[in-house]
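# Close look at the chain arrangement
Chain by chain, the residues run as shown.
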Amino acid sequence: MAEPKAAMDINIPNAARVYDYSLGGSHNFEADRQAAEYMFTLVPSTRKWVRLLRMFLHDAAQELSDQGFDMFLDLASGLPTVEHIHSTVPNAKVIYVDNDPVVVNYGKEILGDNPHVRFLEEDIRNIDAVLSSPVIQEVFGNHRRVAIGLNGVTVFLSDEEIQRIMRATYDWAASGSKMFVTWETQAEGAMTPQWGQFLGMFDQMGSPMHLIPEAKARELVKPWHVDERDFRPITEWLGLKDYITEQDREGVGLEFYGVYLTKP
Ligand SMILES: C[S@@+](CC[C@H](N)C(=O)[O-])C[C@H]1O[C@@H](n2cnc3c(N)ncnc32)[C@H](O)[C@@H]1O
């Protein structure tokens, strides 16, 4: 692929481009591919899990669009490639948010002059800054009945940070709004040497991961209401029950859940 115009060091792996490579995307460079391939040697199921995350995101955008949502606020978006929201529902207004300047600059290049989509550089832990950004008013006007995405990122947030995001988005959103969220979980206390090394790589990149049990996730989503379909493994949402094998759980009981939340 052509070198991007935005300033970035293509010789240092970047988590979002590593993720793009894992998804089968083309917005990545040799250093990203090498880092990803090393991760696959430690946790061979990585590719499958990240594909599930993006498939859930794609399905959720489509489902909520079918329900009439035409405004999406997507928190921790990553690169807008591989069936992300604006390409799944091209007529919707979309605000992507990410705190990684490489992602935001490169994301803006990928989006070009698409009038429906904006990319906001902000840390979602400063959720009040996100929700009070002028970009919200510019894109959504006074509409606050929106669909909010929080996908592939709860694993990088503390319990308190998740609770704050849930409370603030709930208070900000209008009645009838929905949230779609993914949760990476593992059996409590389970560990293997490979899994330990994999987690250590994220520690070194400055993005430690905390996988939490499902029961805890149920507590953290409040005051949002879990919709009647409840928490479900993403494979169930997608009708792919046999996609994940016991081996793919990597000896630590990996399971990724998706859930839709509502504000009555
Ligand atoms: C695993 S990717 C998920 C991408 C996309 N949401 C998906 O589900 O396919 C995680 C993204 O979250 C971003 N991220 C992590 N912590 C963040 C934070 N505190 N604020 C904003 N973005 C964050 C990272 O920069 C990265 O692009």
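Given the structure is predicted, the values throughout are model-derived calculations rather than measurements.

Right, let's get into the pattern of salt bridges. Pairing between side chains of opposite charge can happen when the charged atoms of each approach one another. Under the counting rule described, the total for this entry stands at 15 salt bridges. Between E214 and R218 there is a salt bridge; the shortest N-O distance is 2.8 Å. Remark: R218 and E214 occur in helix α10 (residues 214-220); sequence separation between them is four residues, near one turn of the helix. Overall, E214 belongs to the partly exposed group, its relative accessible area being 23%. According to the relative accessible area criterion, R218 is partly exposed, its value standing at 30%. We note a salt bridge from R249 to E246, for which the minimum N-O separation is 3.7 Å. Bridged by salt links that share partners, the residues E63, D227 and R229 form one connected network.

Attention now moves to the pairing of strand β2 (residues 93-98). Along β2, five of the six residues are buried, which leaves the element largely enclosed by surrounding structure. Inspection of the sheet shows β2 paired to strand β3 (residues 117-121) by five bridges, in the parallel sense. Residue pairing in the sheet places D98 in a bridge with E121 of β3. Once the chain exits β2 it traverses helix α5 (residues 101-111) before rejoining the sheet at β3, and the crossover so formed is right-handed.

Contacts to the ligand come from 16 residues, most closely from A76, D98, D123, I124 and N151. The separation between an oxygen atom of the ligand and a polar side-chain atom of Y19 is 3.0 Å. A distance of 2.8 Å separates a nitrogen atom of the ligand from a polar atom in the side chain of D123. When isolated, the ligand has an accessible area of 600 Å², and the protein chains bury 90% of it. Here the residues of the shell around the ligand sort into five nonpolar, five polar and six charged.

Along the chain, the position of E255 falls in strand β8 (residues 255-262). Residues within four places of E255 in sequence aside, it is in contact with W49, W183, E184, T185, P233 and R249.

Moving on, we come to the packing of helix α1 (residues 15-22) against helix α2 (residues 30-42). Interhelical geometry of α1 versus α2 gives an angle of 65 degrees and a closest axis separation of 9 Å. What the angle tells us is that α1 and α2 run roughly perpendicular. The two elements α1 and α2 cross, and the hand of that crossing is right-handed. Between α1 and α2, the contacting residues are R17, V18, Y21 and S22 on the first element and D32, R33, A35, A36, E37, M39 and F40 on the second. Among the residues making up the contact of α1 with α2, the classes are represented as six nonpolar, one polar and four charged.

About the criteria used
Residues numbered from 1 in each chain as written. Predicted model: local features only at pLDDT ≥ 70, side-chain atom pairs only at ≥ 80, totals over all residues. Heavy atoms only, no water. Salt bridge = Lys/Arg side-chain N within 4 Å of Asp/Glu carboxyl O. Helix = DSSP H or I, 4+ residues; strand = E, 2+ residues; numbered from the N terminus. Buried < 20%, exposed > 50% of the residue type's maximum accessible area, 1.4 Å probe, protein only. Pairing = 2+ DSSP bridges. Right-handed = clockwise from strand over helix to strand, strands pointing away. Near = heavy atom within 4 Å. Polar contact = N/O pair within 3.5 Å; in protein donor to acceptor, adjacent residues only side chain to side chain. Areas by Shrake-Rupley, 256 points an atom, 1.4 Å probe, with all protein chains shown as cover. Nonpolar A, V, L, I, M, F, W, Y, C, P; charged D, E, K, R; others polar. Contact = heavy atoms within 4.5 Å. Axes fitted to C-alpha atoms, helices over the stretch in contact; angles between N-to-C directions. Parallel < 35°, antiparallel > 145°, perpendicular 65-115°, else oblique. Left-handed = near helix turned anticlockwise from the far one by under 90°.

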